[in-house]
Amino acid sequence: MLLVARLIPGSCPPYPTLFYVLQMDNQVLPPSHVQIHGSTGSQFRAPEIRPSQAVLVKSPLAAVAGHRPFLSHINHFRAVAILLIVALHCYSILQLGAEPYFLRRATLPFMFISGFLFQYLSARFNRTVYWQKKLRYILFPYVVVSTPIILFRIAAASYSSDILSLFPGFATQPAALQALEYYASGLHLVPFWFIPMICCYYLLAPVFIKLDRQSLVYYFLPVFLLLSLLVTRAPEVYKIHLAFVHYLSVYLLGMFVSRHNRRVLEITDKLWPLLAVLVVVALTSSDLVVGVHKRYVEQFLFIQKLVFCWGLMYGFWKFDGYIPKQLSAISERSFGIFFLHYYPLFALDVADYKGYFHLPPTFASFCLIFLVDLAFCLVMLQLIKGLFGARSRLLVGY
């Protein structure tokens, strides 16, 4: 599918002007991305073309493109998703009390984006190539970044309650076996439980491809969403089978929205007042809902984050021209930030535990830690990139 755009009247010479625009639907297309082919074979730059001057058509030239257009609204959405995860962990490390509800379950937007991008880039899916890339750019950096903290935990005999629950007798096992169990479980650093869980999705990629191409699975999305409401995230992060089931509907929903991205945005453009109300209710009603029905807190958080996904995706698409460019830089480094961001927080936690350093549990401290942690990640990623060039992606995911 390509965009065939019509000229803005009076903006170009009067040539017959049917031309192809290799950009995502409903985005403003800068002149540098548009080539117009006239009847004489001459080429010239087009002026800015907006969604109102563009129509979506099927074209045999789509296969020539080689890759799908860049989606800036999803790119910005991914930046916010990783910032939410960092903010959640910064808040938790200060022990300010229960995390704000808008921060909790920040993994859900990340899973939605994962499903979206998986489907969006699936046209030329090759199982072997896909698994090789995940091995090189996700698992290998995971092993590299995990090694220092695993060595520290083994040397200091610093075992979390989760690792002892998952592997009884862990404390008496040989160091090599402990290391393997840490790598397999992701329990050596708080965010890393996510890696074994997402690897289950990577392994099932051929199944998801088949489901997407047959499209029958999308008719059962309400059933999968209901399943996610019944099978909630367990407090014990090592129960990745429950997390896998819980996030399955979110991953499939991301695939579905990717498949019908243009239509979803068009419908939302008409229903934006309803979306605005839902976002406001999701933000302001958490204390009321949870206070009355505490047993349904996980269900509320699930629905809240789905509303956030809808709102953020539409908002970044609608106001694309007003989004600061810094978000793109954060998005490009999202996996690198994920891999590195908990190291300073872990050091701060150890320093506080040993009495070397203490920050008061205040909102100002939270903001300070968040900014310092994010700055640390960006500086470290840039230094590693400068030292190792393209190979830095094998080390830290960027």
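Just so we're clear, the structure is a prediction, and the values are computed from it rather than from any experiment.

Undergrad: Account for unusual backbone geometry, naming residues and giving values.
TA: A positive phi angle, close to 60 degrees, is found at R105, a residue other than glycine. Mapped onto the secondary structure, R105 falls in the loop between helix 1 (72-94) and helix 2 (107-120). The backbone of S215 shows a phi angle near 65 degrees, a positive value even though the residue is not glycine. Take S215: it is sitting in the loop between helix 7 (205-214) and helix 8 (221-230). The partly exposed category is assigned to S215, whose relative accessible area is 22%.

Undergrad: I'd like to hear about the state of the cysteines, residue by residue, with values.
TA: Scanning the entire structure with this criterion turns up zero disulfides. Unpaired in this structure, C199 has its nearest cysteine sulfur neighbour in C200, at a distance of 7.2 Å. Residue class for C199 comes out buried when judged on its relative accessible area of 15%.

Undergrad: Give me the lowdown on the packing of helix 8 against helix 9 (residues 240-259), citing residues and values where you can.
TA: In the contact formed by helix 8 and helix 9, the axes pass within 7 Å of each other and the chain directions differ by 145 degrees. For the pair helix 8 and helix 9, the sense of crossing is left-handed. Listed contacts from helix 9 to L221, F224, L225, L227 and S228 of helix 8 are V245, H246, L248, S249, L252, L253 and F256. Classifying every residue of the contact of helix 8 with helix 9 gives nine nonpolar, three polar and no charged.

Undergrad: Hey, could you go over a nonpolar patch on the surface for me, with residue numbers and the actual values?
TA: A surface patch of nonpolar side chains, amounting to about 360 Å² of accessible area, comprises W131, L203, L204 and V207. One can find L204 in the loop between helix 6 (194-203) and helix 7.

Reading the values: the criteria
Numbering of residues starts from 1 in each chain and follows the order in which that chain's sequence is written. The predicted origin of the model limits local features to residues at a pLDDT of at least 70 and limits the giving and counting of side-chain atom pairs to 80 or more, whereas totals for whole chains, interfaces and linings rest on all residues. Neither water nor hydrogens contribute to the side-chain values; these are computed over all heavy atoms in the structure. Helix numbering and strand numbering both begin at the N terminus, where a helix is a DSSP run of H or I of at least 4 residues and a strand a DSSP run of E of at least 2. Whether a residue is buried, partly exposed or exposed follows from its accessible area with a 1.4 Å probe, protein chains only, as a fraction of its type maximum: under 20%, in between, or over 50%, in that order. Disulfides are defined as cysteine sulfur pairs within 2.5 Å. Axes here mean lines fitted to C-alpha atoms, for a helix over just the part in contact, with angles spanning 0 to 180 degrees between N-to-C directions. It is the rotation of the near helix from the far one that decides the hand of a crossing: anticlockwise by less than a right angle makes it left-handed, clockwise makes it right-handed. Two residues qualify as a contact provided that any one of their heavy atoms is within 4.5 Å of a heavy atom in the partner residue. Here the nonpolar group is Ala, Val, Leu, Ile, Met, Phe, Trp, Tyr, Cys and Pro; Asp, Glu, Lys and Arg are the charged ones; every other residue, Gly included, is treated as polar. Each patch is built from residues lacking any salt bridge and having more than 30% relative accessible area; the joining distance is 9 Å for like charges and 5 Å for nonpolar side chains (Val, Leu, Ile, Met, Phe, Trp, Tyr). What sets the accessible areas is the Shrake-Rupley method with a 1.4 Å probe; for residues, cover comes only from the shown protein chains. Here a salt bridge means any side-chain nitrogen of Lys or Arg lying within 4 Å of a carboxyl oxygen belonging to Asp or Glu.

What is shown is where atoms sit, not what they do.
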